[in-house]
Structure formats: C-alpha cells, structure tokens
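# Examining the three-dimensional arrangement
Here's the letter readout for the chains.
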Amino acid sequence: MNTVFSLATARGRAGIAVIRISGELAVQGAGRLMGDVPESRGVRRLMDPNGLLLDEALVLHFPSGHSFTGEDVVELHLHGSPAIIAAVLRVLGDDPNLRQAEAGEFTRRALENGRLDLAQVEGLADLIDAETESQRKQALRVFSGALGEVAERWRSMLIRAAALLEATIDFADEEVPVDVSPEVIELLTSVTLEMQKEVAGVGVAERVRDGFEVAIIGAPNVGKSTLLNRLAGREVAITSEIAGTTRDVIEVRLDLDGIPVTVLDTAGLRETDDVVEGIGVERAKERAEKADIRVHMMLDVGDKQQDAARGDVFVQAKSDTSTGSEFGISGKTGEGVDQLIRMISDILEEKVASIGVAMRERHRFAMQQALDYLDAAQVMLADESGITDLIAEELRSAIRAVDSLVGRVDVEHVLDEIFSSFCIGK
C-alpha cells in the first residue's frame with residue numbers, strides 16, 4: 001500500500017498540530033524534513049528542500065506492529081500555526097513516494113492490518129462524535145473491544161456445538177460421545193438468550209448515540225414554549241398570550257445528567273379551522289407518537305387519558321397561577337422544573353440500563369440473522385428425525401452471521417475444534 005500522510009488534528013490555529021505519516025516509506029518521507037528520524041521520539045528541526053527552517057517539532061516514531069495502523073508511523077507534533085502546517089504539508093506533498101490520505105484511511109488500515117475489528121472502528125467513530133457522558137461510555141465500550149469479546153465467546157460456543165455435530169457426521173464409525181445433543185442444546189440455548197438480550201438493547205443504544213426525544217404536548221396556551229425556554233436557558237420559542245402561537249415543532253438539544261435529549265415544543269392540540277395551525281397540530285401528534293417520553297401539560301390533570309403510554313409524564317400546567325393536588329410546574333417561575341428534569345432522567349436511566357454492547361442497526365441485523373439460524377437448528381434438534389448435517393449447516397450460517405459483527409468470516413476453526421477435542425485420527 002502507498003505511504004500516506006495527513007493532518008490528524010483539527011484545522012485552524014492551535015497550540016499543537018499533529019501530522020501523521022503511515023506506510024512502508026514513512027521514515028524515509030519524514031527524513032526529507034529532518035535528516036535522521038528518532039528511533040522512538042525526539043525533538044528535530046524541520047527544514048524545507050532549500051534548507052529553510054520550517055519548525056522545531058517533537059517527532060514520534062511507531063515501528064510496524066506497534067502503531068495505530070499497524071504500519072510504520074511517524075508523527076510530527078508541530079506548533080499549531082496554519083502557516084507551519086501548510087508549509088510542512090507542502091513539502092510532504094512534493095515527495096513522489098507519499099500521497100495525501102483519504103478520509104478515514106488511517107482507521108481503515110488499522111482494520112485491514114488487524115489492529116481493530118469492524119465494531120471497534122464503529123466505536124471509534126462514535127467516540128469522536130460523543131457529546132455526552134453516556135455517549136462517551138457507550139462508544140468507549142465498543143471501541144475497547146467489548147462487542148468483539150462477546151462475539152468471540154458466542155463464536156467459540158457455536159464452534160463447539162458445530163464440532164460435536166460434525167464429529168457424529170464425519171466419524172460415525174469412530175469412538176465419539178454417545179449423545180452430543182444435551183451439550184449442543186445447552187450451548188445453543190445459552191447463546192440464544194444472550195443474543196436476544198443484546199438485540200433488545202440495540203434500539204436504546206441507538207437512542208443514546210443519536211439522542212432521546214422528549215415531546216412537550218398539551219392544549220394551546222398552557223405554557224409549553226415557556227417551559228422549553230426555561231429548559232434551554234434562552235429564548236428559543238416565541239411565547240404570547242395568543243393561543244396557537246407555535247405552528248411548527250421546535251427542537252432543543254440538551255444534556256440531562258449525561259444523557260443526550262432533544263426536547264420538542266409542539267403546537268397546541270386543538271380543533272382549528274386555520275390551515276397552517278392544523279398542519280402544526282398534525283406534526284405535533286406525529287412527533288409526539290414517536291418520542292420516547294411525552295410530557296403532558298394540563299390545566300386539569302384529572303382529565304388525563306387512561307391509555308397513556310408507559311413513561312408518559314403528566315404535570316399541572318401554570319402552577320404559578322393555578323392550584324391543584326397534582327405535581328405542578330411553571331416555566332415562568334421555574335417551579336417544579338428541577339423535579340421534572342429528575343423524573344425524565346430517571347425514566348431514561350431505566351431505559352439506558354438495558355443497553356448491552358451492540359449499538360447499531362447492522363449489529364441488530366447480524367444478530368437477528370444468527371438467531372434465525374439458531375432457531376431453525378433448535379427446531380431440528382427437537383425433532384428426533386432431524387438430519388444432523390442440516391443442523392450443522394444452520395450452525396455454520398449462525399457462526400458466519402456472528403463473524404460479520406466484527407468483520408471476520410472464518411469456518412476453518414470448526415475442524416480445529418474437532419481434532420483438538422476428540423483426538424480424531426490418533
């Protein structure tokens with residue numbers, strides 16, 4: 001592969017800027033700037049081809065096999081001046097043996113060289129984009145290899161089950177365990193239960209990555225926009241005494257105790273002859289139905305619907321001007337707002353508790369495929385007339401689906417398990 005280089009830090013003026021060079025000719029390319037490249041690290045004067053000083057930089061050398069990409073890597077830690085960065089990149093770009101790295105190419109090389117699996121690459125992308133504490137923790141679990149470890153455990157258990165079945169097929173006349181079914185069933189049941197739990201948690205994990213939605217709904221002029229402004233800490237929605245002021249869904253992104261939340265201020269729910277307001281009411285209903293939590297602001301909480309969704313929150317609106325026995329809130333004075341935030345946080349934290357290590361639709365799809373194969377295998381196992389080689393094929397398909405979680409497809413380990421476990425061919 002070609003040797004590539006790129007600015008690894010954000011563009012613009014900064015205290016430090018890092019330029020990374022990766023590939024077989026990384027040391028040679030960096031050597032054009034400084035002469036001798038340090039074996040591990042050192043300070044070097046960077047010169048252009050005409051002998052003019054460009055900068056004095058800290059230079060780090062990561063030998064092949066000990067770098068992020070798995071290749072020879074040289075990092076130039078420069079002073080973060082845009083002029084210095086441009087000058088160094090220009091010299092590197094003039095080297096015919098180097099080329100500018102493409103978007104994500106360093107990480108792709110790490111994947112191709114076995115430094116990261118596919119799930120870790122996804123975790124790294126989410127870690128870079130993380131804005132809240134829960135997003136950071138979730139992404140870090142995947143980036144550190146947690147999903148790969150789970151997939152490897154499932155893989156080993158399925159390979160063991162497949163090996164037991166393969167042994168009865170290929171070596172029916174040899175000494176093998178009399179009945180492998182009990183162990184096979186136990187292995188498949190264990191993997192199935194764990195995988196089902198992970199599948200169930202993917203939806204919540206996606207919400208942590210993309211943000212939960214909390215919709216504020218209620219009749220016109222009950223203080224929805226005032227509450228949104230209080231939560232946001234600024235005037236993001238127009239408020240007035242005129243009913244129907246809000247015509248569209250207004251969104252505000254918040255961080256509630258480390259959980260990303262988008263709060264939606266919706267149009268007041270009522271019958272109206274105003275075409276534009278009517279469109280706003282329909283949009284409000286649609287977004288509210290899809291939201292994770294709906295905060296119902298009502299002047300009379302006694303009128304709350306009995307078929308409300310689990311987790312919906314009902315509050316007495318305008319508690320500064322009205323009285324009631326229910327929990328009241330006022331966006332104008334702030335009364336009850338902290339308690340409302342705590343209630344929402346508690347509901348979301350309960351949801352977040354169900355998260356495993358799978359966090360993308362791709363993960364859910366791969367695991368669901370594996371579950372379908374395992375279900376078919378278990379049905380055939382329960383049937384005494386089930387054909388063993390068909391069951392084994394279902395398990396091989398399940399293993400390939402598990403391998404797709406981390407971007408690896410390999411079936412040779414089934415044979416390895418057979419020979420190591422049963423000493424076949426002795």
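Residues numbered from 1 in each chain as written. Predicted model: local features only at pLDDT ≥ 70, side-chain atom pairs only at ≥ 80, totals over all residues. Heavy atoms only, no water.

In this section: the overall build of the chain. Regarding its fold elements, the chain presents 13 helices and 11 strands. Residues classed as buried in the chain amount to 47% of the 426 residues present. Here the chain has roughly 21800 Å² of accessible surface; of this, 50% comes from carbon and sulfur atoms. (Helix = DSSP H or I, 4+ residues; strand = E, 2+ residues; numbered from the N terminus. Buried < 20%, exposed > 50% of the residue type's maximum accessible area, 1.4 Å probe, protein only. Areas by Shrake-Rupley, 256 points an atom, 1.4 Å probe, with all protein chains shown as cover.)

In this section: the confidence of the model for the chain. Scored by pLDDT, the chain comes out at a mean of 79, with 80% of its residues at no less than 70. The low-confidence segment residues 238–247, where pLDDT is below 50, has 24 contacts with residues more than four positions distant or belonging to other chains. (pLDDT = per-residue confidence, 0-100. Contact = heavy atoms within 4.5 Å.)

Moving on, we come to the pairing of strand β9 (residues 259–265). Within β9, 7 of the 7 residues are buried, which leaves it mostly tucked inside the rest of the structure. Covered by surrounding structure in β9 are I259, V261, V263 and D265 together with P260, T262 and L264, the residues of both alternating faces. In this sheet, β9 lies alongside strand β7 (residues 212–218) in parallel orientation, the contact comprising 5 bridges. Looking across to β9, one finds that V214 is bridged to V263. Of the strand pairs in this sheet, strand β8 (residues 250–256) and β9 are connected by 7 bridges, and their pairing is antiparallel. (Pairing = 2+ DSSP bridges.)

Position of R20 relative to the elements: it lies in strand β2 (residues 16–22). Residue R20 is classed as buried on the basis of its relative accessible area, which comes to 18%. Reaching out from R20, the side chain makes a polar contact with the side chain of E75 at a distance of 3.3 Å. Beyond its immediate chain neighbours, meaning those up to four positions away, R20 contacts V4, F5, S6, A8, F68, V73, V74, E75 and F106. (Polar contact = N/O pair within 3.5 Å; in protein donor to acceptor, adjacent residues only side chain to side chain.)

Turning our attention to the packing of aromatic side chains. Using the criterion set out here, one finds 0 aromatic pairs in the structure. We note R20 situated over the ring of F106; from NZ or CZ to the ring centre the distance is 5.2 Å. (Phe/Tyr/Trp six-rings, centres within 6.5 Å; stacked < 30°, edge-to-face > 60°. Lys NZ or Arg CZ within 6 Å of the ring centre and 35° of its normal.)

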